[in-house]
Number of protein chains: 2
Amino acid sequence: MQTTPAIILVRPQMGENIGAAARVMSNFGLSDLRLVSPRDGWPNEKAIAMAAHGEAVVQQARLFASVAEAVADCRYVFATTATRRDMPKPTLRPREAVAQCHANTAILFGPERAGLENEDLVLADAIIEIPTDAANSSLNLAQAVCVICYEWYNQKDSVQPHGGSQDLCTREELQGFFDHLEGALEMRGYFRVAHKKPLMWQHLRSLFVKARLSEQEVRTLRGVVKALTMQAPDHRSE
Amino acid sequence: MQTTPAIILVRPQMGENIGAAARVMSNFGLSDLRLVSPRDGWPNEKAIAMAAHGEAVVQQARLFASVAEAVADCRYVFATTATRRDMPKPTLRPREAVAQCHANTAILFGPERAGLENEDLVLADAIIEIPTDAANSSLNLAQAVCVICYEWYNQKDSVQPHGGSQDLCTREELQGFFDHLEGALEMRGYFRVAHKKPLMWQHLRSLFVKARLSEQEVRTLRGVVKALTMQAPDHRSE
């Protein structure tokens, strides 16, 4: 029972693209690769070389003589196209489409030069159109596979928010640093125009608040202020 | 004035990947490609061959000797990584990140084998993590670029306004402050254990990157360093 969508490359021309497609499938947790009449026969050494850690996907790829045979066990078939065709089929963006990629779904990708023919599209329930710039709409085959696999992986995996606030310093620690810095600056006459001090000091503190400092970073900054306020060795007296 | 994000390939190894990245940038309407020390020099014939209709992006790519120079005119920097690093920076998924890609944003991609180093990550405001399958998390470089460019193109017409990046300082201004601070700290022996300096200096810079400083704030901080390094009036001699 097929639980992830099948990626079907229809009449692919270059072994390198088959290998790169297999690699990126593996990157995004897909493994069911099917090939319909690859131009240079099968197996293909260039495909294996390009697959890198996706080699197992290439090794297990299944070969078919026609699109119809390749999709035989599937219950829903998408076809990817670069350009709109005059076909009365629903057309979805990748993100919408992958949300419908359940078990027994196949996604067809056409050959490098020409893309899928209308005869291939006939078998598709819906079209996936990857939006591209009109000035250069021709995606590399493996890049098109990349976009679809990425979107599939993305929606099966719920996003984990991270970058938490658990190691932020306390406001007390921050205040300790502010007192230290203020004292050091006062001593050196930094706030020389008294009535300007409140605003200057506000801006300076804001900048450190914005940095969302950790405890360690506060200690580091205190070390910096301490170091900077030490008298430089007076070389003239040597 | 840069209106689309810059794609920065840091120490890319294979010309084919540079070309494939350029092609997919062009597919998704991006054109500002920057290269930091490509392994095989520049220009690179394989990059041109792989770029197909993205050839103009390769031809206009700019070459830099360091990440700092490549991002000098940028106000916000993302770094892509495959694996989580021990870096206290916000980590976003591609879709969340591109919603914050305004003018003068750069996105860093590391070399094929090793990815970005911590030294490269220091300069980044945030990390973009492309979710991948744990069993094979290593995305091809051009596929990683594909995912980001695809997401950018997808949302470019619906960019959410946020606490605008237009007031952020440029990386060049930030670097000027770093140089100033580093000089002042060096002079006072702050980095007294030489082998600890790289990490200390990384942490210190990270903290200021995190603050998302404005131009005015950078000037303020330079004033602070200047003030702190002035010799305190010696009251004993009065």
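Residues numbered from 1 in each chain as written. Chains lettered and ligands numbered in written order. Predicted model: local features only at pLDDT ≥ 70, side-chain atom pairs only at ≥ 80, totals over all residues. Heavy atoms only, no water.

A.B. asks: I tried to follow the pairing of strand β2 (residues 33-36) of chain A on my own but got confused; where do I start?
C.D. replies: Taken residue by residue, a regular strand's side chains alternate between the two faces of the sheet. All names here are of chain A. Across the two faces of β2 the burial is the same, with Leu33 and Leu35 and Arg34 and Val36 all buried. Across 4 bridges, strand β1 (residues 6-10) lies against β2 in parallel orientation. Across the sheet, the residue bridging to Leu9 is Leu35, located in β2. As paired strands, β2 and strand β3 (residues 62-64) are joined by 3 bridges and run parallel to one another. Within β3, the residue paired with Arg34 across the bridge is Arg62. (Buried < 20%, exposed > 50% of the residue type's maximum accessible area, 1.4 Å probe, protein only. Helix = DSSP H or I, 4+ residues; strand = E, 2+ residues; numbered from the N terminus. Pairing = 2+ DSSP bridges.)

A.B. asks: I tried to follow the packing of helix α8 (residues 171-187) of chain A against helix α10 (residues 215-228) of chain A on my own but got confused; where do I start?
C.D. replies: Two quantities define a packed helix pair, namely the angle between the axes and the distance from one axis to the other. All names here are of chain A. At a minimum axis separation of 10 Å, α8 and α10 run at an interaxial angle of 10°. With respect to α10, the element α8 is oriented roughly parallel. Of the residues in α10, those in contact with Glu173, Leu174, Gly176, Phe177, His180, Leu181 and Ala184 of α8 are Glu215, Val218, Leu221, Arg222, Val225 and Lys226. Here the contact of α8 with α10 is composed, by residue class, of 7 nonpolar, 2 polar and 4 charged. (Axes fitted to C-alpha atoms, helices over the stretch in contact; angles between N-to-C directions. Parallel < 35°, antiparallel > 145°, perpendicular 65-115°, else oblique. Contact = heavy atoms within 4.5 Å. Nonpolar A, V, L, I, M, F, W, Y, C, P; charged D, E, K, R; others polar.)

A.B. asks: Mind showing me how you'd approach the sheet that holds strand β2 (residues 33-36) of chain B here?
C.D. replies: The strands that make up a sheet are held in pairs by hydrogen bonds between backbone atoms, and each pair lies either parallel or antiparallel. All names here are of chain B. Strand order in this open sheet of 7 strands is β3-β2-β1-β6-β4-β7-β5, and the pairing throughout is parallel. Only two strands of the sheet have a single partner each, and these edge strands are β3 (62-64) and β5 (91-92). Summarising the sheet, strand β1 (residues 6-10) and strand β6 (residues 105-109) pair through 4 bridges and their orientation is parallel. The residue of β6 that forms the bridge with Ile7 is Ile107. The sheet contacts of helix α7 (residues 141-155) involve β1, β4 (76-81), β6 and β7 (126-129), and relative to β6 the element is tilted by about 150°.

A.B. asks: Even after reading the chapter, I still don't get the interface of chain A and chain B, so can you show me in this structure?
C.D. replies: By a frequent convention, interface size equals the accessible area lost on bringing the separate parts together. Between chain A and chain B, the contact holds 58 residues from the first and 59 residues from the second. On the surface where chain A and chain B come into contact, there are 3 salt bridges. Ionic pairing is found between Arg95(A) and Glu151(B), a salt bridge with its closest N-O pair at 2.8 Å. At the boundary of chain A and chain B, one finds 21 residue pairs in polar contact (both at pLDDT 80 or more). For the side of chain A that touches chain B, the class distribution of residues is 30 nonpolar, 19 polar and 9 charged. (Salt bridge = Lys/Arg side-chain N within 4 Å of Asp/Glu carboxyl O. Polar contact = N/O pair within 3.5 Å; in protein donor to acceptor, adjacent residues only side chain to side chain.)

A.B. asks: Please explain empty space enclosed by the protein as it appears in this structure.
C.D. replies: Empty space left among the atoms is revealed by rolling a probe the size of a water molecule over them. For the coordinates displayed, the defined rule picks out 4 cavities of 30 Å³ or more. The space that makes up the largest cavity amounts to roughly 120 Å³. If you go around the largest cavity, you meet 16 residues; those closest to its centre are Phe208(A), Val224(A), Phe208(B), Val224(B) and Leu228(B). When residues of the lining of the largest cavity are traced back to their parent elements, those giving at least two are α8, α9 (197-210) and α10 of chain A together with α8 (171-187), α9 (197-210) and α10 (215-228) of chain B. Residue classes in the lining of the largest cavity are distributed as 16 nonpolar, no polar and no charged. (1 Å grid on protein atoms, 1.4 Å probe; cavity = no way out; pocket = protein on both sides within 12 Å on 5 of 7 lines; lining within 4 Å. Points joined across faces, edges and corners; volume = space filled by probe spheres on them.)

A.B. asks: Is there a simple way to explain the pattern of salt bridges in this structure?
C.D. replies: For side chains of opposite charge, pairing can occur when their charged atoms come near one another. Taken as a whole and judged by the stated rule, the model has 24 salt bridges over all chains. Note that Glu182(B) and Lys197(B) form a salt bridge whose closest N and O atoms lie 2.6 Å from each other. One end of the pair, Glu182(B), is in helix α8; the other, Lys197(B), is in helix α9, with 15 residues separating them in the sequence. Judged by its relative accessible area of 21%, Glu182(B) is partly exposed. Among the charged side chains, a salt-bridge network with shared partners connects Asp32(A), Arg34(A), Arg62(A) and Asp73(A).

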